[in-house]
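Next come the chains, spelled out residue by residue.
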Amino acid sequence: MKFRSSIDERNFAAMIPTKGRADRIQKGFKKMPFLNNERTYIGIEHREISSYTKFMEENPLCKYVFYHNPLGSVSFARQQLKCHADLNREHHLYIFTDDNAVFSEVSLYTLINAYKDFRVVHKRPCVMAGAHSTSEHFDRNSRKKMQTHEGTRSYPQPAMIFYCVEQRICKDYVFPHDTYGLDDRHFFLWLMKQGVRDFRVCPDAPYSKSRYQKGGQGTIDERMEKCGRAIEKIARDFPKWAGSTGTLRLPWKLILDSIDGKTPDRLAGGAMRSETKLFSTGDTDG
């Protein structure tokens, strides 16, 4: 008998925390009107409700979750959304994404179908992510392992920002408040500890996202400190895996220049430029 997935593509929850980006998310939703429904959970801090009033009026069908978040932690915000989504047992699949990520309805359902197809063929859950345009460069070696399952393509590679995971395998997970913007790393390591081994990217589920826009995790200095705190938490919870590089890689030039008062326009990790070229002539607020 052919294995049949229990995933219903209509019963998913899309969770989007937002901070300091009312104009950005409002603009994004004009391109994604399909997200204006009861399956979309939007997280907003109490102190920012007034700035999001117009967005909420234009998207009245979304479920809005309000909370105090004095630490400005993305991870804390994600947990508030997950708590509300967990109350609806009809949600079979969770979509985690960001307030400045943009994707089409076709991309969303292709992502869901890629998850379902892999599940049907291999009879085990996975984490399926969409593809950023830079994946053709950064994932060029992983893409050589592309496979087709029941009509959808994917390749093995952990990827964040726009991804889906089955509700039943993460129902016991709690996003820690102190993993900040590295919430996805902690979550993926936790999933690995539960036995999940398949982390994949579907190239036919594209999305776009600009990094280091105003809002979100805050200024570059704030991002640096939050990232350091998050690494500390990850190292405490998963010391062996966090220490698997055998060292601590530090961008020495960037650190020394920042001590001398220079402000980088982004952090070194994931940047297409070398760390010596990450400084702009003026300050940036992230």
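Preceding block: the structure.
Bear in mind that the values here come from a model prediction, so they are computed numbers and not experimental data.

Digging into the overall build of the protein chain
Next, step 1: When you go through the protein chain residue by residue, the secondary structure sums to 10 helices and 10 strands.
Next, step 2: Across the protein chain, the fraction of contacts at a sequence separation of at least 24, relative to all contacts at a separation of at least 6, is 73%.

Quick notes on the packing of helix H7 (residues 183-193) against helix H8 (residues 220-237)
Next, step 1: Look at H7 against H8: their axes get within 10 Å of each other, and the N-to-C directions meet at 10°. If you check the angle between H7 and H8, you find them roughly parallel. In this structure, H7 uses Arg185, His186 and Leu189 to contact H8, whose residues at the interface are Lys233, Ile234 and Asp237.
Next, step 2: Grouping the amino acids of the contact of H7 with H8 by side-chain chemistry returns two nonpolar, one polar and three charged.

Regarding the nonpolar core
Next, step 1: Counting 35 residues, the largest nonpolar core has Tyr94, Phe96, Val165, Phe187, Phe188 and Leu191 as the members making the most contacts within it.
Next, step 2: Considering each element in turn, this core owes the most residues, five residues, to H7.
Next, step 3: With sequence-adjacent residues up to four places away left out, phenylalanine 187 is seen in contact with Phe96, Tyr163, Val165, Cys170, Tyr173 and Phe175.
Next, step 4: Of all hydrophobic cores here, the second largest spans 32 residues; its members include Leu35, Phe103, Phe118 and Cys126.

Here we look at the pairing of strand E6 (residues 127-132)
Next, step 1: The element E6 is largely enclosed, with a buried count of six among its six residues.
Next, step 2: Of the strand pairs in this sheet, E6 and strand E9 (residues 163-166) are connected by three bridges, and their pairing is antiparallel. Looking at E9, one finds that alanine 129 is bridged to tyrosine 163.
Next, step 3: As paired elements, E6 and strand E10 (residues 199-209) share five bridges and run parallel to each other. Following the sheet pairing, alanine 131 is matched in E10 by proline 206.

Calculation rules
- Residues numbered from 1 in each chain as written.
- Predicted model: local features only at pLDDT ≥ 70, side-chain atom pairs only at ≥ 80, totals over all residues.
- Heavy atoms only, no water.
- Helix = DSSP H or I, 4+ residues; strand = E, 2+ residues; numbered from the N terminus.
- Contact = heavy atoms within 4.5 Å.
- Axes fitted to C-alpha atoms, helices over the stretch in contact; angles between N-to-C directions.
- Parallel < 35°, antiparallel > 145°, perpendicular 65-115°, else oblique.
- Nonpolar A, V, L, I, M, F, W, Y, C, P; charged D, E, K, R; others polar.
- Core = buried A, V, L, I, M, F, W, Y, C linked by side-chain atoms within 4.5 Å.
- Buried < 20%, exposed > 50% of the residue type's maximum accessible area, 1.4 Å probe, protein only.
- Pairing = 2+ DSSP bridges.

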